[in-house]
Amino acid sequence: MLIAAYILITLGLIGTISVWSSIVNEINYYTYTYTPPYTDHETSMMIALFIFAIMAGSGVAMIIFSIMKKRNEDKLNKVLSYSSNVTIKNVCPNCGVNISEGTTICPKCGTQIEKE
């Protein structure tokens, strides 16, 4: 997934920079004005610019989400690595909801809570 993200970012940035520089050159040399009403060429250049920018943004989003996923997996693995013999107090063994001390029935799922 990260390789695809890096490819998207690379292609998106290269495309954005090249289209943007073409637009700037066309404005500087008075070839096109990029003011309404837009010509077909101007419209296609602006669409290409937005598509490349979206590609780069999607790649960044993919990297952010993969980092978040990795952190969540690490936290889950840490919790799961605790010994299975350890009983967590004040937590329903069925649904995992936090319960008050002395509660005999889980308010969420109705499971009978054993007193220790």
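Residues numbered from 1 in each chain as written. Predicted model: local features only at pLDDT ≥ 70, side-chain atom pairs only at ≥ 80, totals over all residues. Heavy atoms only, no water.

So, on to the overall build of the protein chain. Within the protein chain, the regular secondary structure consists of 2 helices and 0 strands. A compact globule built from 116 residues should have a C-alpha radius of gyration of about 13 Å, whereas the protein chain, at 28 Å, is more than 25% larger. Principal-axis analysis of the C-alpha atoms places the extent of the protein chain at approximately 85 × 30 × 15 Å. Looking at the 116 residues of the protein chain, the share that counts as buried comes to 17%. (Helix = DSSP H or I, 4+ residues; strand = E, 2+ residues; numbered from the N terminus. Rg over C-alpha atoms; globule rule 2.2 N^0.38 Å. Buried < 20%, exposed > 50% of the residue type's maximum accessible area, 1.4 Å probe, protein only.)

The subject of this paragraph is the packing of aromatic side chains. For the structure on display, the rule yields 1 aromatic pair. Consider the rings of tyrosine 32 and tyrosine 34, whose centres lie 6.5 Å apart with planes at 65°: the pair is edge-to-face. By relative accessible area, tyrosine 32 is classed as partly exposed at 26%. A residue is classified by how much of its surface remains accessible, and tyrosine 34, at 11% relative accessible area, is buried. (Phe/Tyr/Trp six-rings, centres within 6.5 Å; stacked < 30°, edge-to-face > 60°.)

Looking now at the pattern of salt bridges. Counted under the stated rule, the structure contains 1 salt bridge. Where lysine 70 meets aspartate 74, a salt bridge forms, and the shortest distance between an N and an O atom there is 3.1 Å. With lysine 70 and aspartate 74 both in helix 2 (residues 40-80) and 4 residues apart, the pair spans about one turn of that helix. Among the residues examined, lysine 70 registers a relative accessible area of 47% and is labelled partly exposed. Here aspartate 74 falls in the partly exposed class, since its relative accessible area comes to 37%. (Salt bridge = Lys/Arg side-chain N within 4 Å of Asp/Glu carboxyl O.)

Take glutamate 26: it is sitting in helix 1 (residues 2-28). Those residues in contact with glutamate 26 that sit more than four places away from it in its chain are Thr31, Tyr32, Tyr34 and His41. (Contact = heavy atoms within 4.5 Å.)

So, on to a nonpolar patch on the surface. On the surface, a cluster of nonpolar side chains totalling about 520 Å² of accessible area is made up of Met1, Val60, Ile64, Phe65 and Met68. Structurally, the position occupied by valine 60 is in helix 2. (Patch = residues over 30% accessible without salt bridge, like charges linked within 9 Å, V, L, I, M, F, W, Y side chains within 5 Å. Areas by Shrake-Rupley, 256 points an atom, 1.4 Å probe, with all protein chains shown as cover.)

Further remarks concern unusual backbone geometry. Between proline 36 and the following residue, proline 37, the backbone shows a cis peptide bond with an omega angle of -5°. Mapped onto the elements of the fold, proline 37 is located in the loop between helix 1 and helix 2. Positive phi values are uncommon outside glycine, yet tyrosine 30 reaches one of about 55°. With respect to the element layout, tyrosine 30 can be found in the loop between helix 1 and helix 2. Residue tyrosine 30 is classed as exposed on the basis of its relative accessible area, which comes to 75%. Phi angles above zero are rare outside glycine, and tyrosine 34 is one such case at about 55°. Its place among the elements puts tyrosine 34 in the loop between helix 1 and helix 2.

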